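Examination of the molecular architecture
So you can see what is in the structure, the chains are spelled out below.
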Amino acid sequence: MATQHTRTLGRMAVAPSVLALFLWMIVPLGMTIYFSFLRYNLLDPGNESFIGLVNYKYFLSDPAFLSALGNSLKIVGSVLAISIIGGVILALLLDQAIYGRSFVRLMVIAPFFVMPTVSALVWKNMMMHPVQGVLAWLSQTFGLEPIDWFTHHPLLAVIIIVAWQWLPFATLILLTALQSMDEEQKEAAEMDGTPPLSYFRYMVVPHLARPITVVVLIETIFLLNVFAEIYVTGSGGRAGNMPYLVYFQGLLNFDVGGASAGGIIAVILANIVAFFLMRMIGKNLEG
Amino acid sequence: MARAVPKSRRWLMTIIAWAIAFVIFFPILWTIITSFKTEGDAVLSPPDLLTAGWTTESYGVVQDRSNYFKFAMNSVMLALGSTAFALLLAIPAAWAMAFAPGKRTKDLLMWMLSTKMMPPVGALIPIYLIFRDLHLLDTRGGIITVLMLLNLPIIIWMLYTYFKEIPGEILEASRMDGASVGKELIYVLAPMAIPGIASTVLLNVILAWNEAFWTLSLTTKNAAPLTQFIASYSSPEGLFWAKLSAASTMAIAPILVLGWFAQKQLVRGLTFGAVK
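Anyway, here's the lowdown on the structure attached to this text.

All right, on to the overall build of chain B then. Along the backbone of chain B there are 13 helices and 0 strands. N-terminal to C-terminal, the α/β element order of chain B is α-α-α-α-α-α-α-α-α-α-α-α-α. Summarising its shape, the C-alpha atoms of chain B cover approximately 75 × 70 × 35 Å along the three principal directions. Relative to all contacts within chain B whose residues are 6 or more apart in sequence, the contacts with residues 24 or more apart total 76%. Carbon together with sulfur atoms contributes 69% to the accessible area of chain B, which is approximately 11,900 Å² in total.

A few words now on the interface of chain B and chain A. Interface size is commonly expressed as the accessible area that is lost once the parts come together. Every contact between the two is made by 101 residues of chain B and, on the other side, 99 residues of chain A. Summed over both partners, the interface of chain B with chain A buries about 9,000 Å², with 79% contributed by carbon and sulfur atoms. Inspection of the region where chain B meets chain A yields 0 salt bridges. With 20 residues, the single largest contributor to the side of chain B that touches chain A is helix H1 (residues 7-35) of chain B. Split into classes, the residues belonging to the side of chain B that touches chain A amount to 77 nonpolar, 16 polar and 8 charged.

Residues and elements named next belong to chain B. Take Lys243: it is sitting in helix H12 (residues 241-261). Since its relative accessible area comes to 14%, Lys243 is described here as buried. If sequence neighbours within four positions are ignored, Lys243 has contacts with Glu39, Ser58, Val61, Val62 and Tyr233.

Attention shifts here to the side chain of Lys37 of chain B. Residues and elements named next belong to chain B. Within the secondary structure, Lys37 sits in the loop between H1 and helix H2 (39-42). An unpaired buried charge is present at Lys37: no salt bridge exists, and Asp41, the closest side chain of opposite charge, is 7.4 Å distant. Ignoring sequence-local partners within four residues, the contact set of Lys37 consists of Trp30, Ala42, Pro47, Leu49, Gly53, Trp54, Thr55, Ser58 and Ala242.

Right, let's talk about the packing of helix H3 (residues 63-94) of chain A against H1 of chain B for a bit. Between H3 of chain A and H1 of chain B, the least distance of the axes is 10 Å, while the angle of their chain directions is 135 degrees. When the axes of H3 of chain A and H1 of chain B are compared, the pair comes out oblique. H1 of chain B is crossed by H3 of chain A, and the crossing has left-handed handedness. Between H3 of chain A and H1 of chain B, the contacting residues are Leu90, Leu93 and Leu94 of chain A on the first element and Met13, Ile16, Ala17, Ile20 and Ile24 of chain B on the second.

Phe163, Trp214, Leu226 and Phe229 of chain B are the most contacted members of the largest nonpolar core, which totals 194 residues. For this core, the leading source of residues is helix H8 (residues 154-179) of chain A, giving 18 residues. Not counting the four nearest positions on each side in its chain, Trp214 of chain B is found in contact with Trp24 of chain A together with Pro120, Ala123, Leu124, Ile127, Ile143, Val146, Leu150 and Thr219 of chain B.

Turning to the pattern of salt bridges, a few remarks are in order. Pairs may arise between side chains of opposite charge once their charged atoms sit close together. One pass over the full model with this rule turns up 3 salt bridges over all chains. Between Arg39 of chain A and Asp44 of chain A there is a salt bridge, and its shortest N-O distance comes to 3.1 Å. The closest approach of N and O atoms between Lys243 of chain B and Glu39 of chain B, which form a salt bridge, is 3.3 Å. Pair noted here: Lys243 of chain B is in helix H12 and Glu39 of chain B is in helix H2, with a separation of 204 residues, a long-range link.

Another aspect to go through is H8 of chain A. Residue and element names in this part refer to chain A. Spanning 26 residues, H8 covers 38 Å between terminal C-alpha atoms, matching the ideal 38 Å at 1.5 Å per step. Bending of H8 peaks at approximately 30 degrees at the position of Trp164, with proline Pro168 no more than four residues after it. Within H8, 23 of the 26 residues are buried, which leaves it mostly tucked inside the rest of the structure.

Let us now look at unusual backbone geometry. Residue and element names in this part refer to chain B. Of note, the phi angle at Asn67 is positive, near 55 degrees, even though the residue is not glycine. Inspection of the secondary structure puts Asn67 in the loop between helix H3 (57-66) and helix H4 (68-99). A positive phi angle, near 60 degrees, is found at Asp138, a position not held by glycine. Inspection of the secondary structure puts Asp138 in the loop between helix H6 (121-133) and helix H7 (140-164). Of the residues examined, Asp138 reaches a relative accessible area of 12% and is grouped as buried.

About the criteria used
- Residues numbered from 1 in each chain as written.
- Chains lettered and ligands numbered in written order.
- Predicted model: local features only at pLDDT ≥ 70, side-chain atom pairs only at ≥ 80, totals over all residues.
- Heavy atoms only, no water.
- Helix = DSSP H or I, 4+ residues; strand = E, 2+ residues; numbered from the N terminus.
- Contact = heavy atoms within 4.5 Å.
- Areas by Shrake-Rupley, 256 points an atom, 1.4 Å probe, with all protein chains shown as cover.
- Buried area = accessible area lost by both parts, 1.4 Å probe.
- Salt bridge = Lys/Arg side-chain N within 4 Å of Asp/Glu carboxyl O.
- Nonpolar A, V, L, I, M, F, W, Y, C, P; charged D, E, K, R; others polar.
- Buried < 20%, exposed > 50% of the residue type's maximum accessible area, 1.4 Å probe, protein only.
- Lys, Arg positive; Asp, Glu negative; His and termini not counted.
- Axes fitted to C-alpha atoms, helices over the stretch in contact; angles between N-to-C directions.
- Parallel < 35°, antiparallel > 145°, perpendicular 65-115°, else oblique.
- Left-handed = near helix turned anticlockwise from the far one by under 90°.
- Core = buried A, V, L, I, M, F, W, Y, C linked by side-chain atoms within 4.5 Å.
- Expected span 1.5 Å × (residues − 1).
- Bend = angle between axes of the 7 residues up to and from the residue.

Quick look at the structure:
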């Protein structure tokens, strides 16, 4: 169908995007790899020297690395769990015949549109402040001791903030998927008096398998890179993840070599995750 | 088509849904309410809604103190600039992949998606140094380029799924009638493609507006958008909750409105067309 002419034209049309993305990927990556083998500190310019794998050795043996890696995984894992489980429940609820459904839906998805620096600061100050925050006031109302979130549970606080942003996303995707389900099928199931559990097992689960895969893929990409919520709330010391650690090494400690080694390790880890995700999604999207 | 549901069950579900929605929406609602309080009232615990003296003065203070409009202008320029730039590259690419697919089109699309998997920290240091050497740090042009590249894969994917839905026969018919490629684009393709392009623009504006990693690391003052503006409130300074709330409300309001309109497109764009 496509003639030689259109094919050439097609290549020319695709080329700029491919070239731009290729450069965007390969140039910084190449430079990061190169820097990671250098002793290179921004405070000591002109004294770069090749030091082999020393940066990697330091970065990997730094206790901050293990803690950052752990925090990264904890953030991804818990936010995924919260948003998938919560998202399925909320989507099922919002798919019911309820009054004012579109308004409820608007309220539920709103947090997803809030910029990360805003949600971080609003939560840190007005919600989680140990004395004047809304949560502290609620605790006192119920006779409980208010929690000093960012002093005692910085990671949990970050997870709550991030989950607040991503639960709406999962809900939105899963609800959209549920609503594309055949209305007559739902009705038939209801008329037949299908027990809720069988309804869930045989109708909802198969229908949601694919959208859930998509949610897992997309959230993982974004959650591995959570940064603003940690940076702005000043909880990088104890709740810092891989992106924060690399930022800290490079732009606050000026250690380009060490930060680059960290960046490469982050890339490798992300690729391991991506490899499995792409296989999973590839299978799921083909069908 | 409403299903036949007993009234009592319908009311029960309604109450549960509204309660949960209220809890989820509460931080935003609270921010908006606090922005109209005085600084003294804002920190009262328990909060006092009845006797509070409502005021809009925080909005004025925020503008005077830190020049809100300069940051807002930067946000608008970065969001629109990066979107326009990305469309320039993405429309031809998506058009070609949708209408003249080759053997490797699917692989190419997957590869583009995979560039999104690359964590930004892997590129942060070199980009920072390149920008420093080319004097691009804290310039609109520099950050627009980064945001463009960041969202290009999503834009191409989204346009591709929209373009794919345009029936190829129409193009063939117009070609048979002797329409040139240019005419084909303007008279046949454009009217059918514009809704898809509009949705793509909407999604990209939202993503660019809220992008925080690169805008926080590469801007300081001149090109700093609202993400940076809000971050300047991260070091507490006396009573500042009303001001923080006013600033936050102004920073999220435009996108909240856009986002509410763009729900459907958002689902499609962010799931790469897998969920519609």
